[in-house]
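Chain by chain, the residues:
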Amino acid sequence: MKLRKIAACVAVPSLAFSLVSCGEDAVSKEQFSQGYLKLVKQSQKIHGKQQEEYVIRFGECIYDKIKDKVKNSTLEKVKNVKRSRINSNDFSRIEKAQKDCKNSVSKPKAMKTN
(Lines give C-alpha, C1' and ligand atoms only; values in the text may rest on other atoms or scores of the structure.)
Protein backbone atom coordinates (compact mmCIF):
# COMPACT_ATOMS: atom_id res chain seq x y z
CA MET A 1 0.00 0.00 0.00
CA LYS A 2 2.83 2.39 0.89
CA LEU A 3 4.49 1.59 -2.42
CA ARG A 4 1.38 2.69 -4.34
CA LYS A 5 1.22 5.98 -2.43
CA ILE A 6 4.88 6.68 -3.11
CA ALA A 7 4.46 5.82 -6.78
CA ALA A 8 1.44 8.12 -7.03
CA CYS A 9 3.29 10.95 -5.29
CA VAL A 10 6.17 10.64 -7.76
CA ALA A 11 4.01 10.10 -10.85
CA VAL A 12 1.64 13.06 -10.43
CA PRO A 13 4.30 15.83 -10.42
CA SER A 14 6.23 14.23 -13.28
CA LEU A 15 3.03 13.85 -15.30
CA ALA A 16 2.16 17.50 -14.69
CA PHE A 17 5.66 18.55 -15.77
CA SER A 18 5.50 16.49 -18.95
CA LEU A 19 2.10 17.93 -19.87
CA VAL A 20 3.40 21.46 -19.42
CA SER A 21 6.47 20.84 -21.57
CA CYS A 22 4.49 19.04 -24.28
CA GLY A 23 1.88 21.76 -24.34
CA GLU A 24 4.27 24.48 -25.50
CA ASP A 25 2.35 27.16 -27.27
CA ALA A 26 2.90 27.11 -30.99
CA VAL A 27 3.69 30.38 -32.72
CA SER A 28 0.52 31.88 -34.16
CA LYS A 29 0.24 33.38 -37.63
CA GLU A 30 -0.19 36.83 -36.10
CA GLN A 31 2.90 36.49 -33.89
CA PHE A 32 4.96 35.25 -36.82
CA SER A 33 3.81 38.01 -39.21
CA GLN A 34 4.42 40.74 -36.59
CA GLY A 35 7.95 39.40 -36.01
CA TYR A 36 8.47 39.22 -39.77
CA LEU A 37 7.36 42.86 -40.08
CA LYS A 38 9.90 43.88 -37.42
CA LEU A 39 12.67 41.97 -39.22
CA VAL A 40 11.80 43.67 -42.52
CA LYS A 41 11.70 47.08 -40.83
CA GLN A 42 15.24 46.49 -39.53
CA SER A 43 16.58 46.10 -43.05
CA GLN A 44 14.22 48.25 -45.18
CA LYS A 45 12.22 51.41 -44.82
CA ILE A 46 8.49 50.81 -44.71
CA HIS A 47 6.53 53.82 -45.96
CA GLY A 48 2.96 54.04 -44.80
CA LYS A 49 0.26 51.74 -43.61
CA GLN A 50 -0.23 50.12 -47.05
CA GLN A 51 3.32 48.82 -47.18
CA GLU A 52 3.14 47.65 -43.59
CA GLU A 53 -0.08 45.74 -44.31
CA TYR A 54 1.54 44.21 -47.40
CA VAL A 55 4.51 42.97 -45.34
CA ILE A 56 2.12 41.52 -42.75
CA ARG A 57 0.12 39.70 -45.47
CA PHE A 58 3.41 38.50 -46.96
CA GLY A 59 4.48 37.18 -43.53
CA GLU A 60 1.11 35.45 -43.13
CA CYS A 61 1.54 33.81 -46.53
CA ILE A 62 5.01 32.57 -45.57
CA TYR A 63 3.66 31.24 -42.28
CA ASP A 64 0.89 29.31 -44.04
CA LYS A 65 3.42 27.67 -46.35
CA ILE A 66 6.02 26.73 -43.71
CA LYS A 67 4.20 26.25 -40.39
CA ASP A 68 4.08 22.45 -40.60
CA LYS A 69 7.39 22.09 -42.41
CA VAL A 70 9.88 23.91 -40.17
CA LYS A 71 10.94 23.53 -36.57
CA ASN A 72 9.00 25.49 -33.97
CA SER A 73 12.32 27.05 -32.92
CA THR A 74 12.56 28.64 -36.39
CA LEU A 75 9.09 30.13 -36.04
CA GLU A 76 10.09 31.37 -32.57
CA LYS A 77 13.19 33.08 -33.98
CA VAL A 78 11.06 35.07 -36.43
CA LYS A 79 8.45 35.82 -33.78
CA ASN A 80 11.10 37.09 -31.37
CA VAL A 81 13.02 38.94 -34.11
CA LYS A 82 16.19 36.94 -33.54
CA ARG A 83 18.69 37.00 -36.34
CA SER A 84 20.42 33.88 -35.10
CA ARG A 85 21.29 31.00 -37.38
CA ILE A 86 18.36 29.05 -38.77
CA ASN A 87 18.57 25.38 -39.72
CA SER A 88 19.56 25.17 -43.43
CA ASN A 89 16.53 23.04 -44.35
CA ASP A 90 14.21 25.52 -42.67
CA PHE A 91 15.99 28.42 -44.36
CA SER A 92 15.47 26.78 -47.77
CA ARG A 93 11.78 26.31 -47.02
CA ILE A 94 11.44 29.96 -46.01
CA GLU A 95 13.19 31.10 -49.21
CA LYS A 96 10.85 28.95 -51.31
CA ALA A 97 7.81 30.30 -49.47
CA GLN A 98 9.02 33.87 -50.08
CA LYS A 99 9.25 33.19 -53.81
CA ASP A 100 5.79 31.61 -53.86
CA CYS A 101 4.27 34.45 -51.82
CA LYS A 102 5.85 37.09 -54.03
CA ASN A 103 3.56 35.89 -56.82
CA SER A 104 0.44 35.38 -54.72
CA VAL A 105 0.31 38.39 -52.37
CA SER A 106 -0.90 41.48 -54.17
CA LYS A 107 1.17 44.61 -53.68
CA PRO A 108 -0.42 47.95 -52.81
CA LYS A 109 -0.85 50.18 -55.87
CA ALA A 110 1.86 52.54 -54.67
CA MET A 111 4.39 49.65 -54.58
CA LYS A 112 3.60 48.03 -57.94
CA THR A 113 6.31 48.16 -60.54
CA ASN A 114 5.81 47.85 -64.30
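Since we're looking at a predicted model, the values are computed, not measured. (Residues numbered from 1 in each chain as written. Predicted model: local features only at pLDDT ≥ 70, side-chain atom pairs only at ≥ 80, totals over all residues. Heavy atoms only, no water.)

### Let's talk about the pattern of salt bridges
Per the stated rule, a full pass over the model turns up five salt bridges. The salt bridge partner of glutamate 52 is lysine 41, with a shortest N-O separation of 3.1 Å. Here the residue glutamate 52 occupies a position in helix α3 (residues 48-66), and lysine 41 occupies one in helix α2 (residues 29-43), the gap between them amounting to 11 residues. (Salt bridge = Lys/Arg side-chain N within 4 Å of Asp/Glu carboxyl O. Helix = DSSP H or I, 4+ residues; strand = E, 2+ residues; numbered from the N terminus.)

### Some details on the side chain of threonine 74
Examined against the element boundaries, threonine 74 turns out to sit in helix α4 (residues 72-79). Owing to a relative accessible area of 2%, threonine 74 belongs among the buried residues under this scheme. For threonine 74, the contacting residues outside a window of four places in its chain are Ile86, Asp90 and Ile94. (Buried < 20%, exposed > 50% of the residue type's maximum accessible area, 1.4 Å probe, protein only. Contact = heavy atoms within 4.5 Å.)

### Focus: α3
End to end, α3 covers 27 Å across 19 residues, agreeing with the expected 27 Å (1.5 Å per residue, within 8%). Every buried residue of α3 is listed here: Gln51, Tyr54, Val55, Ile56, Phe58, Gly59, Cys61, Ile62, Tyr63 and Ile66. Along its buried surface, α3 packs onto α2, α4 and α5 (88-104). (Expected span 1.5 Å × (residues − 1).)

### With respect to the nonpolar core
Counting residues in each nonpolar core, the largest one holds 22 residues, and the members touching the most others are Phe32, Tyr36, Phe58, Ile62, Ile66 and Leu75. Only α2, α3, α4 and α5 provide two or more residues apiece to this core. If sequence neighbours within four positions are ignored, phenylalanine 58 has contacts with Tyr36, Gln98, Cys101, Lys102 and Val105. (Core = buried A, V, L, I, M, F, W, Y, C linked by side-chain atoms within 4.5 Å.)

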